[in-house]
Amino acid sequence: MTFPSISMDNVIKILLALSQYPILSTRIRHQMRKALFARGIITKDNFDEEARLKAIESQEREGLHNPYTEEKADVWATRLARVRDSLTDFYFAYNLPYQEFEHIVRQTLTERGSTDSDFIWFNPELAPQDLLFEQAEIIESMPPKEREKYQARLQEIIVVLIRTLVSDQLKYIKMARHWFTVEDLKEIRRRKIGGGKIGGKAAGMLLALRILKETAPAEIRENFRIPVSYYLGSDVFYNFLTFNGLVHWNDQKYKTEEQMREDFPLLYAEFLKGQFSSEIIEHLEEILVEAGDTPLIVRSSSLLEDNFGTSFAGKYESIFLPNQGTRDEKLSALTNAISRIYASVMDPDALLYRHLKDLADYDERIGILIQFVEGEKMGRYFLPHGAGVAFSRNLYRWSPQIKQEDGFLRLVWGLGTRAVDMVADDYPRLVALSHPRLHSSSDVRTTKRYSQQSVDVIDLEENIFTTVPVHKIIHADYDPVRYIAQVAEDGYLAAIRSRIADPEKMVITFDGLLTRTSFAVNIRQALKLLETHYDSPVDTEFTVEILNPEEQHPQVRITLLQCRPQSHIQEADEVQLPIDLQNENIIFSTQRMVPQGAVQNIRYILFVPSEGYFSLTSQSERTQLERAIGQLNSALKDETFIAVGPGRWGTSTPDLGVHVSYSDIYNTRSLVELAGEAIGASPEPSFGTHFFQDLMEAQIYPIAVFLDDKDTIFNRDFFYATPSRLEEFISVENPRVLASLRLIAVNDYRAYHHMDLVMDANKSRAVAFLVEEEKPKEDDVANSAAPAQLE
């Protein structure tokens, strides 16, 4: 067996690992001293005298001035023995060769009666990683019968390595220990920079690939991979804080929200000025040499990220780097990106999310995932053939024939940012994997209007991440175009068969990819396997590469970028829509994209009228509205309420809907998104985005009400004619903002009633309706005129 290079640190670690066998470690140190005396490194008398003097010095440091009378004999003996051990380790490490130490350990173990003198028993929790890897490899190389004896030991070592290298989350470890091999962990260690763990995002990606490689059929297994990846360990984050004098910002999570938001601009600026140690810089330069001019993406991989129940979706930054220019320019861009992600750990929205998940007290060190971007050059641009997010469960079906258990995709051409974020007037292709060709609308004009209009790319000439209109760069000579787009002509969508097809008529549908390749089948089966072995629905991010687009049925390679448990609402087993429900009692209803569940005893509705909202022209006024919604959310924390508004809740583009963050609406029980041409809002709501993940975790039901559908009911009188109680709860000074936000008490519309919201996914119908309550006795009427104002 080969030990690590001899050093003071390694001698101590190995002997510490053997400390559970005190007799054994005592014998080893006795032999070490004999070797020191025999080699003339130090005489026995001088060694004993030095040990005695150092023991007395240690007493004096503890305030003992008469060592012979102020300390009991057994305490003195223990003190002296520890000093002798320390001196032994010191003299041996700095004077004798590695082979001598190895020989002493082997000889002592053999004399102890070990059945296998090459196998050393030690405490894995205390041992250096070199020793863990070496012993694990010895066990893995044993013949099957011999290996069986040490299988429990191998499992223990793998668990310790996962916990120290990858993640300390117990649910993750419980899964990962059944899949990761020693070789897997060695590869992770080889690609890790600095101390600490690689974090949740990297951990999920690696585990998903390992599961597929072990369980998927060959035709699926060979079509999945992960990108070239390197990991900046989580300890580097604290080293960065210390190195740059930023430790004082570490208490941000315990400040008020107001103070967090006030501090963040200064904090962010100070983080961007941060420097990295020469050791880290050296490793980053090695990555840049390997990458050449290939673009990079720098992603957060925190210890809590992508965990069960806490995805942290979109809470920390991910930054694309075109990676063009001189060596110094590339390095500056890379270190700047890492600094920005480190700063995002202190972002107020991220900190508030941690508080809401009761994770504020957790030591949230953050790892960094550096990956080579998947894609190819297309003129001056760099982009993949496709990218998106995949869910093993389709929680929101737009047609009764869609099977929930077959999964769901949000698929885009180009970089995947447009699949996970809600962006300006743009729409991904929504794919129900049970029926891949089924569009959310059968009308060609609607399909074209609500298709992808812009594509995110890396501009290699300008050295920037940018967005360009689809028709500006797509063309009929683009090899994979017939799998990505179709041509709209004469009221039909047709395959692209001509090299002179007009780009202005091209519509991104991915119908060719979904029907003429095995992509849909492969990703559906992969999601099922991952869900089975995660024992939970999962969601993944991925890119798509069509390897041989000139062939009739080309091979499609899927690159996994991450995998995590899918956030989902705990569905009610059975929900019952009322029989003979009268239209006069219905406040709203919808029959598309309906979840399963119910919200009962709704007292208030937070309503954002489209007319008022879209009349807000300045960013300042929209920010005031956002803050007012957040204040109202806090004021209604003890009430059951839902929020109704135009377009996409949580969009980053205010023209598309109400721009709020999770921290502004987390107390609501449902977010209702009104869509339709009349109010100028999109019929494609937030399903599948990062914001959507937050709603699922908080058990908030997202619902889309399509006002243009003939079967939709929307009671305008309820929303517009009922008096608003807003100013009883919060103060809003700007009259334009006041006109953009209403708080409706159900009891004001119809006395002695509340509202129930019932959602039946199987019947694809959601209905919010009034329910009569028992009227109070006559003597109590005066006391129940209006709900009390919340404090």
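Right, let's talk about the overall build of the chain for a bit. Within the chain one finds 30 helices and 28 strands. Of all 791 residues assigned to the chain, the portion counted as buried reaches 56%. Once local pairs closer than 6 in sequence are excluded, the contacts in the chain between residues at least 24 apart make up 75%. With the model as given, the accessible surface of the chain reaches about 34600 Å², and the carbon-plus-sulfur share is 48%.

Core analysis: the biggest nonpolar cluster contains 88 residues, and Leu185, Trp413 and Phe519 have the highest contact counts within it. Beyond its immediate sequence surroundings of up to four residues, phenylalanine 519 is in contact with Leu409, Leu411, Leu513, Leu514, Phe542, Val544, Val556 and Ile558. The next biggest cluster of nonpolar side chains, apart from the first, holds 37 residues, and it includes Val236, Phe237, Trp249 and Leu331.

It is worth spelling out the pattern of salt bridges at this point. Applying the stated criterion to the full structure yields 42 salt bridges. Linking arginine 429 and aspartate 511 is a salt bridge whose minimum nitrogen-to-oxygen distance equals 2.8 Å. Remark: aspartate 511 occurs in helix H22 (residues 511–516) and arginine 429 occurs in strand E11 (residues 429–432); sequence separation between them is 82 residues. Like aspartate 511, arginine 429 is buried. A network of salt bridges, in which partner residues are shared, links Arg29, Arg33, Asp85 and Asp89.

Before going further, it helps to spend a moment on the packing of aromatic side chains. Applying the stated criterion across every chain yields a total of 21 aromatic pairs. Arranged with centres 5.7 Å apart and planes meeting at 50°, the rings of phenylalanine 264 and tyrosine 268 form a pair that is tilted. Here the residue phenylalanine 264 and the residue tyrosine 268 both occupy positions in helix H14 (residues 257–272), the gap between them amounting to four residues, near one helical turn. For the pair tyrosine 604 and phenylalanine 729, a centre-to-centre distance of 5.6 Å together with 80° between the ring planes defines the contact as edge-to-face. In this pair, tyrosine 604 is assigned in strand E21 (residues 604–607) and phenylalanine 729 in the loop between helix H28 (716–721) and helix H29 (735–738), connecting sequence segments 125 residues apart. Overall, the relative accessible area of 11% leaves phenylalanine 729 in the buried class. An aromatic cluster is built from Phe237, Tyr238, Phe240, Phe271, Phe276 and Tyr342, whose rings are joined through pairwise contacts. A cation sits over an aromatic face here: arginine 622 above tyrosine 613, 5.7 Å from the ring centre. Over the aromatic face of tyrosine 720 sits the side chain of arginine 716, whose NZ or CZ is 4.3 Å from the ring centroid.

Summarising the element assignment, alanine 390 is placed in strand E9 (residues 386–391). A relative accessible area of 0% means that alanine 390 is categorised as buried. When the C-alpha positions of alanine 390 and phenylalanine 408 are compared, they lie 5.8 Å apart, and in sequence the two are 18 residues distant. Dropping the residues within four chain positions of it, alanine 390 is found in contact with Phe408, Leu409, Ile523, Leu527, Val538, Asp539, Thr540 and Phe542.

Here the focus is the packing of helix H6 (residues 129–141) against helix H8 (residues 151–165). At a closest axis distance of 10 Å, the pairing of H6 and H8 adopts a crossing angle of 145°. The chirality of how H6 crosses H8 is left-handed. Across the interface between the two elements, Gln129, Leu132, Phe133, Gln135, Ala136, Ile139 and Glu140 from H6 touch Arg153, Leu154, Ile157, Val160, Leu161, Thr164 and Leu165 from H8. Each residue belonging to the contact of H6 with H8 can be placed in one class, and the counts come to nine nonpolar, three polar and two charged.

Moving on to the sheet that holds strand E19 (residues 586–590). The sheet built from five strands is open, its strands ordered E20-E27-E28-E19-E25 with antiparallel pairing. In this open sheet, the two edge strands, each paired with only one partner strand, are strand E20 (597–602) and strand E25 (713–714). Pairing between strand E27 (residues 753–760) and strand E28 (residues 765–772): eight bridges, direction antiparallel. Residue methionine 759 lies in a different strand from E28, and its bridge partner there is alanine 766.

Moving on, we get to helix H3 (residues 44–61). When the terminal C-alpha atoms of H3 are compared, their 26 Å separation across 18 residues agrees well with the 26 Å that a helix rising 1.5 Å per residue should span. Among the residues making up H3, those that are buried are Phe47, Ala51, Ala55, Ile56, Ser58 and Gln59. What you see down the axis of H3 is that its buried residues fit within an arc of 165°, all on one side. Facing away from the buried side of H3, by more than 90 degrees, are the exposed residues Asp45 and Arg61. One or two residues past the end of H3 sits glycine 63, with phi positive at roughly 90°.

You will see that phenylalanine 510, though not glycine, has its phi angle at about 60°, which is positive. The phi dihedral of serine 764 falls on the positive side, at around 50°, and the residue is not glycine. Checked against the element boundaries, serine 764 lands in the loop between E27 and E28. A relative accessible area of 5% places serine 764 in the buried class.

This next bit is on helix H11 (residues 200–215). Its 16 residues place the ends of H11 22 Å apart at the C-alpha level, agreeing with the 22 Å of an ideal helix rising 1.5 Å per residue. Of all 16 residues in H11, 13 are buried; the element is thus mostly enclosed.

A residue-level look at the chain finds 87% of positions with pLDDT of 70 or above and a mean pLDDT of 84. Here residues 1–6 is a poorly scored stretch, pLDDT under 50, and it has 28 contacts once near neighbours within four places are set aside; other chains count.

When you tally the buried positions in strand E10 (residues 408–412), you get five out of five residues, the bulk of the element. Neither face of E10 is left uncovered, since the one carrying Phe408, Arg410 and Val412 and the one carrying Leu409 and Leu411 both have all their residues buried. Bridge count for E9 against E10 is five bridges, and the pairing is antiparallel. Its bridge partner lying in E10, valine 389 is registered against arginine 410. Relative to E11, E10 runs antiparallel, the two being bridged by four bridges. Residue pairing for E11: leucine 411 is matched across the bridge by arginine 429.

Quick look at the pairing of strand E23 (residues 670–675) now. Taken across its six residues, E23 has six buried, putting it largely inside the fold. Neither face of E23 is open: one carries Ser670, Val672 and Leu674, the other Leu671, Glu673 and Ala675, and all of them are buried. Sheet topology places strand E22 (residues 641–646) next to E23; four bridges connect them, and they run parallel. Residue pairing in the sheet places alanine 643 in a bridge with leucine 671 of E23. Sheet topology places E23 next to strand E24 (residues 701–706); six bridges connect them, and they run parallel. If you follow alanine 675 over to E24, its bridge partner there is phenylalanine 706.

A word on the environment of leucine 493. Considering the arrangement of structural elements, one finds leucine 493 in strand E15 (residues 492–494). A sequence separation of 49 residues divides leucine 493 from valine 444, and the C-alpha atoms of the two residues are 6.9 Å apart. When sequence neighbours within four positions are dropped, the list of residues in contact with leucine 493 reads Val444, Thr447, Gln486, Val487, Ala488, Val507 and Thr509.

Cut-offs used in this document
Residues numbered from 1 in each chain as written. Predicted model: local features only at pLDDT ≥ 70, side-chain atom pairs only at ≥ 80, totals over all residues. Heavy atoms only, no water. Helix = DSSP H or I, 4+ residues; strand = E, 2+ residues; numbered from the N terminus. Buried < 20%, exposed > 50% of the residue type's maximum accessible area, 1.4 Å probe, protein only. Contact = heavy atoms within 4.5 Å. Areas by Shrake-Rupley, 256 points an atom, 1.4 Å probe, with all protein chains shown as cover. Core = buried A, V, L, I, M, F, W, Y, C linked by side-chain atoms within 4.5 Å. Salt bridge = Lys/Arg side-chain N within 4 Å of Asp/Glu carboxyl O. Phe/Tyr/Trp six-rings, centres within 6.5 Å; stacked < 30°, edge-to-face > 60°. Lys NZ or Arg CZ within 6 Å of the ring centre and 35° of its normal. Axes fitted to C-alpha atoms, helices over the stretch in contact; angles between N-to-C directions. Left-handed = near helix turned anticlockwise from the far one by under 90°. Nonpolar A, V, L, I, M, F, W, Y, C, P; charged D, E, K, R; others polar. Pairing = 2+ DSSP bridges. Expected span 1.5 Å × (residues − 1). Arc of directions from axis to C-beta. pLDDT = per-residue confidence, 0-100.

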